[in-house]
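One-letter residues, chain by chain:
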Amino acid sequence: MFQGMLITNDENGYRSQLQTLDDSYLADGDVRVKIDYSTLNYKDALAVTGKSPIIRQFPLIAGVDFAGTVIESQHPRYQTGDAVVLNGWGVGEKTSGGLAQEARVSGDWLLPLPALLTTRQAMAVGTAGYTAMLAINALEQHGIMPASGPILVTGANGGVGHFAISFLAKLGYHVIAATGRTDQAEHLRALGAKEILDRETLNAPGKPLGKMRWAAAIDSLGSHTLANVCAGLQYGGVVAACGLAQGMDFPATVAPFILRGVTLVGIDSVMAPFEKRQAAWQRLANLIDDDLLAQTTAEIGLSDVIEMAPRLLAGEIRGRLVVDVNR
């Protein structure tokens, strides 16, 4: 028996409840994990509150990521006692996830926890930091280096934006942070941003081509912002697109691609193959700023999730929420 955040949707309506559960609520899989920490991120908050149809089947345990220790394994890569981390693969959406004290999943979905990280640190980084590192790796694989020129990061106050700025700055890049919360400029500069750009200059319809301002970009917004980011890229520039906070549409023209040789790279953190995941986690483990992580992370218990989820959606929470599933 274990504690878990169970989501149900039946004749009694949509409900999220912290319950004592048995093994029948665990997913199919060849590895069982004792979870130490999970997170409460935006997608989890949507699932817990029912504000968006995140959950695809019911009943289901919420939580899109977790870190913990293997307690049973029939997978050749893992043995009892191994520390592991999981992001994506539909966990917490299509199959029971990490807002619980235990999980059972396919071993192919797990990743050995880098030796430099604790399970708590892994969840303080979470999907946001892992996605930011995937994006940076993609930019570099397409030839972007610190000498290439400035790197624009949109959604700078979001989770991906925070980590992208910090990682890029540590790697020697000149970072331009685009945000709608210009009152947070000093915080963004503390992360490593050299310039602050008001997102209002990017989030409305713009010209097919603009002044060449940045060598590359990491965009988590989509829509008009992504179109304007592409229009402002230098010749041969690269943008890594990893989100749709502004919208799923892409109201752009082909001009940046055929006149400036711009490359648009899609970043998928959910189904990324093992090798990409491992490379991202191993690299970010060496770039984590422990002091910064402590400043931008708050810890809550599993029993606090239902109360905190609507506050997260309302924008009342800044930074990461790590969930200690054992309290």
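Summarised in this report is the structure supplied together with it. Here the structure is a predicted model, which is why all the values come from computation and not from measurement.

### Section: the packing of aromatic side chains
Scanning all chains against the criterion turns up four aromatic pairs. When the ring of Tyr 14 is compared with that of Phe 58, the centres are 5.8 Å apart and the planes differ by 80°; the resulting orientation is edge-to-face. Of this pair, Tyr 14 sits in strand S2 (residues 13-21) while Phe 58 sits in the loop between helix H1 (42-49) and strand S4 (60-61); the two residues are 44 residues apart in sequence, bridging distant segments of the chain. With relative accessibility at 32%, the residue Phe 58 sits in the partly exposed group. Considering the side-chain rings of Trp 89 and Trp 109, the 6.2 Å spacing of their centres and the 5° angle between planes classify their relative orientation as stacked. Separated by 20 residues along the polypeptide, Trp 89 in the loop between strand S6 (83-87) and strand S7 (102-105) and Trp 109 in the loop between S7 and strand S8 (111-112) bring together distant segments of the chain.

### Digging into unusual backbone geometry
With an omega dihedral of -10°, the bond running from Phe 58 to Pro 59 counts as a cis peptide bond. Within the secondary structure, Pro 59 sits in the loop between H1 and S4. Phi is positive for Ser 223, close to 55°, though the residue is something other than glycine. Locating Ser 223 in the fold gives a position in helix H5 (residues 223-231). Judged by its relative accessible area of 4%, Ser 223 is buried.

### Considerations on the pairing of S2
In this sheet, S2 lies alongside strand S1 (residues 2-10) in antiparallel orientation, the contact comprising nine bridges. In the sheet register, Asp 10 faces S2, and the bridge partner there is Gly 13. As consecutive antiparallel partners, S1 and S2 are separated by two residues.

### Section: the sheet that holds strand S9 (residues 151-153)
The pairing of strands in a sheet happens through backbone hydrogen bonds and is either parallel or antiparallel. Across the sheet, which stays open at both edges, the six strands sit in the order S11-S10-S9-S12-S13-S14 with parallel pairing between neighbours. Because the sheet does not close on itself, it has two edges, and the strands there are strand S11 (195-198) and strand S14 (263-266). Sheet twist, expressed as the mean angle between neighbouring strand axes with direction ignored, is 20°. Inspection of the sheet shows S9 paired to strand S12 (residues 214-219) by three bridges, in the parallel sense. Directly across from Leu 152, in S12, lies its bridge partner Ala 217. Along the sheet, helix H3 (residues 159-170) contacts S9, strand S10 (175-179) and S12; its crossing angle with S9, the most-contacted strand, is approximately 160°.

### Details of the pattern of salt bridges
Evaluation of the coordinates by the stated rule reveals nine salt bridges. A salt bridge links Asp 324 to Arg 327; the nearest nitrogen and oxygen atoms lie 3.9 Å apart. Since its relative accessible area comes to 13%, Asp 324 is described here as buried. Linked by salt bridges that have partners in common, Arg 120, Glu 299, Asp 324 and Arg 327 make up one network.

### Some thoughts on the packing of helix H2 (residues 119-141) against H3
Two numbers describe how H2 lies on H3: the axes approach to 8 Å, and their chain directions differ by 55°. Classified by the angle their axes make, H2 and H3 are oblique. Every pair of crossing elements has a handedness; the one defined by H2 and H3 is right-handed. Residue-level inspection shows Ala 124, Val 125, Ala 128, Gly 129, Thr 131, Ala 132, Met 133 and Ile 136 of H2 in contact with H3, the latter providing Gly 159, Val 160, Phe 163, Ala 164, Phe 167 and Leu 168.

### Some details on a nonpolar patch on the surface
Taken together, Val 254, Ile 258 and Leu 259 make up a surface patch of nonpolar side chains, about 330 Å² in accessible area. Among the secondary structure elements, Ile 258 is positioned in helix H6 (residues 255-259).

### Points about the side chain of Thr 127
Its place among the elements puts Thr 127 in helix H2. Taking the relative accessible area as the measure of exposure, Thr 127 reaches 19% and is therefore buried. Polar side-chain contacts of Thr 127 include one of 3.0 Å to the side chain of Asp 65.

### Some thoughts on H5
Of all nine residues in H5, eight are buried, a share of seventy percent or more. Among all positions of H5, only Ser 223, Thr 225, Leu 226, Ala 227, Asn 228, Val 229, Cys 230 and Ala 231 are buried. In the core, the buried residues of H5 are packed alongside S9, S12, strand S13 (233-241), H6 and S14.

### Here's the deal with the environment of Gly 81
By the secondary structure assignment, Gly 81 is in the loop between strand S5 (65-73) and S6. On a C-alpha basis, the gap between Gly 81 and Gly 68 in space is 9.3 Å, while along the polypeptide they are 13 residues apart.

### Looking at the environment of Arg 104
Within the secondary structure, Arg 104 is located in strand S7. You can call Arg 104 partly exposed: its relative accessible area is 22%. When neighbours within four sequence positions are excluded, Arg 104 is seen to be in contact with Asp 23, Leu 26, Ala 27, Asp 28, Gly 29, Val 31 and Arg 32. In this structure the side chain of Arg 104 is engaged in a polar contact, spanning 2.8 Å, whose partner is the backbone oxygen of Ala 27.

Cut-offs and rules
Residues numbered from 1 in each chain as written. Predicted model: local features only at pLDDT ≥ 70, side-chain atom pairs only at ≥ 80, totals over all residues. Heavy atoms only, no water. Phe/Tyr/Trp six-rings, centres within 6.5 Å; stacked < 30°, edge-to-face > 60°. Helix = DSSP H or I, 4+ residues; strand = E, 2+ residues; numbered from the N terminus. Buried < 20%, exposed > 50% of the residue type's maximum accessible area, 1.4 Å probe, protein only. Pairing = 2+ DSSP bridges. Axes fitted to C-alpha atoms, helices over the stretch in contact; angles between N-to-C directions. Contact = heavy atoms within 4.5 Å. Salt bridge = Lys/Arg side-chain N within 4 Å of Asp/Glu carboxyl O. Parallel < 35°, antiparallel > 145°, perpendicular 65-115°, else oblique. Left-handed = near helix turned anticlockwise from the far one by under 90°. Patch = residues over 30% accessible without salt bridge, like charges linked within 9 Å, V, L, I, M, F, W, Y side chains within 5 Å. Areas by Shrake-Rupley, 256 points an atom, 1.4 Å probe, with all protein chains shown as cover. Polar contact = N/O pair within 3.5 Å; in protein donor to acceptor, adjacent residues only side chain to side chain.

In short, geometric facts, not functional conclusions.
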